[in-house]
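Listed here are the chains, written in short residue letters.
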Amino acid sequence: GQSLEQPSEVTAVEGAIVQINCTYQTSGFYGLSWYQQHDGGAPTFLSYNALDGLEETGRFSSFLSRSDSYGYLLLQELQMKDSASYFCAVKDGSGGYQKVTFGTGTKLQVIP
Amino acid sequence: NAGVTQTPKFQVLKTGQSMTLQCAQDMNHNSMYWYRQDPGMGLRLIYYSASEGTTDKGEVPNGYNVSRLNKREFSLRLESAAPSQTSVYFCASKGRGNTGELFFGEGSRLTVL
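Keep in mind it's a predicted model, so treat the numbers as computed, not measured.

A. The arrangement of the pairing of strand E8 (residues 70–75) of chain A in detail. All names here are of chain A. Taken across its six residues, E8 has five buried, putting it largely inside the fold. Pairing of strand E7 (residues 60–65) with E8 involves six bridges; the strand directions are antiparallel. Bridge assignment links Leu 64 to a residue of E8, and that residue is Gly 71. Joining the antiparallel neighbours E7 and E8 is a turn of four residues, in which Ser 69 adopts a positive phi near 50°.

B. Quick peek at the interface of chain B and chain A. Facing the 24 residues of chain B at the interface are 23 residues of chain A. Inspection of the chain B/chain A interface yields zero salt bridges. Joining chain B to chain A, the criterion identifies five residue pairs in polar contact (both at pLDDT 80 or more). Going through the elements one at a time, strand E4 (31–37), strand E5 (43–49) and strand E9 (87–94) of chain B are the ones with two or more residues in the side of chain B that touches chain A. Take the side of chain B that touches chain A: its biggest share by element is four residues, from E4(B). Residue composition of the side of chain B that touches chain A, by class: ten nonpolar, eight polar and six charged.

C. Representation of the packing of aromatic side chains within the structure. A full pass over the atoms with the stated rule returns 15 aromatic pairs over all chains. Their ring planes at 65° and their centres at 5.9 Å tell us that B:Tyr64 and B:Tyr89 sit as a pair that is edge-to-face. Residue B:Tyr64 is located in strand E7 (residues 64–68), and its partner B:Tyr89 is located in strand E9; the two are separated by 25 residues in the primary sequence. Neither B:Tyr64 nor B:Tyr89 differs from the other in exposure class; each is buried. Through a chain of ring-to-ring contacts, the aromatic side chains of A:Tyr35, A:Phe45, A:Phe87, A:Phe102, B:Tyr33, B:Tyr35, B:Tyr48, B:Phe90 and B:Phe104 assemble into a single cluster.

D. Inspection of the sheet that holds strand E8 (residues 74–78) of chain B at higher detail. All names here are of chain B. Read from one edge of the open sheet, four strands run E1-E3-E8-E7, paired in antiparallel fashion. The outermost strands of the open sheet, each flanked by one partner alone, are strand E1 (4–7) and E7. Across the sheet, the mean angle from the axis of one strand to that of its neighbour is 15°, orientation sign disregarded. Here strand E3 (residues 19–25) pairs with E8 via three bridges, running antiparallel. Within the sheet, the bridge partner assigned to Leu 21 lies in E8 and is Leu 76.

E. Molecular detail of the state of the cysteines. Residue and element names in this part refer to chain B. Using the criterion set out here, one finds two disulfides over all chains in the structure. Covalent S-S linkage joins Cys 23 and Cys 91, the inter-sulfur distance amounting to 1.9 Å. In this structure, the disulfide formed by Cys 23 and Cys 91 twists by about -75° around the S-S bond and is classed as left-handed. Here Cys 23 is found in strand E3, whereas its partner Cys 91 is found in strand E9, with 68 residues between them in sequence. Summarising the burial analysis for this pair, Cys 23 and Cys 91 share the class buried.

F. Expanded view of the pattern of salt bridges. Tallied over the full model, the rule gives seven salt bridges over all chains. The salt bridge involving A:Asp39 is made with A:Lys107; its shortest N-O contact spans 3.4 Å. Within this pair, whereas A:Asp39 is found in the loop between strand E4 (29–37) and strand E5 (44–49), its partner A:Lys107 is found in strand E11 (residues 106–111), the two being separated by 68 residues in sequence. The salt bridge involving B:Lys9 is made with B:Glu106; its shortest N-O contact spans 3.8 Å. Note that B:Lys9 is positioned in the loop between E1 and strand E2 (10–13) and B:Glu106 in the loop between strand E10 (103–104) and strand E11 (108–112), a separation of 97 residues in sequence. B:Glu106 sits in the exposed class, given a relative accessible area of 54%. Salt bridges here are not isolated pairs; linked through shared partners, they connect B:Arg36, B:Asp38 and B:Arg44.

Rules and cut-offs
- Residues numbered from 1 in each chain as written.
- Chains lettered and ligands numbered in written order.
- Predicted model: local features only at pLDDT ≥ 70, side-chain atom pairs only at ≥ 80, totals over all residues.
- Heavy atoms only, no water.
- Buried < 20%, exposed > 50% of the residue type's maximum accessible area, 1.4 Å probe, protein only.
- Helix = DSSP H or I, 4+ residues; strand = E, 2+ residues; numbered from the N terminus.
- Pairing = 2+ DSSP bridges.
- Contact = heavy atoms within 4.5 Å.
- Salt bridge = Lys/Arg side-chain N within 4 Å of Asp/Glu carboxyl O.
- Polar contact = N/O pair within 3.5 Å; in protein donor to acceptor, adjacent residues only side chain to side chain.
- Nonpolar A, V, L, I, M, F, W, Y, C, P; charged D, E, K, R; others polar.
- Phe/Tyr/Trp six-rings, centres within 6.5 Å; stacked < 30°, edge-to-face > 60°.
- Axes fitted to C-alpha atoms, helices over the stretch in contact; angles between N-to-C directions.
- Disulfide = S-S within 2.5 Å.

Rendered as structure tokens:
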């Protein structure tokens, strides 16, 4: 089966940088995604890593190390609106390539 | 462009009642998914469909059935609802390609009394 581990909560100061880690175990790994979800809303896609290394999208960056089964989401220049839950998700090959499994999420609180 | 549309948005059921959650996407995506999310928890995969005509079980399929009616529509049925199925249900879809991006509906909030 698949399992993903993330910290349950993180608190950071507005304007600072925060890193949210994700470790995973899966039988057939194809990629790691990150999603943001505000309270009461639907998850929205942030980034995707299929290969090792860093992907940058504006203030958000995501990193993947397939050999370590590890990735992280880096949020820079934190804003109050970044307060939300962040989920990592793996796309794996068992059961037909398109299966996507989510972690339990990290609740980020940005404080002034 | 509607994206992924779920109905109903809210529903209250009594234990033992049945209901179907409807999901439709207008992005010509091949893969569709049903997740449930309980308070303070992540999204748990119930069923998914990699393409029209195929469905597969996810992490928590017990008590649910699905139908991939056509490429656009993927429904989730609760045959005999239980209080443990009180949750927010999200439908999602994904197209071909290697971006890994899922597009989610707004969610269906189900309460089973």
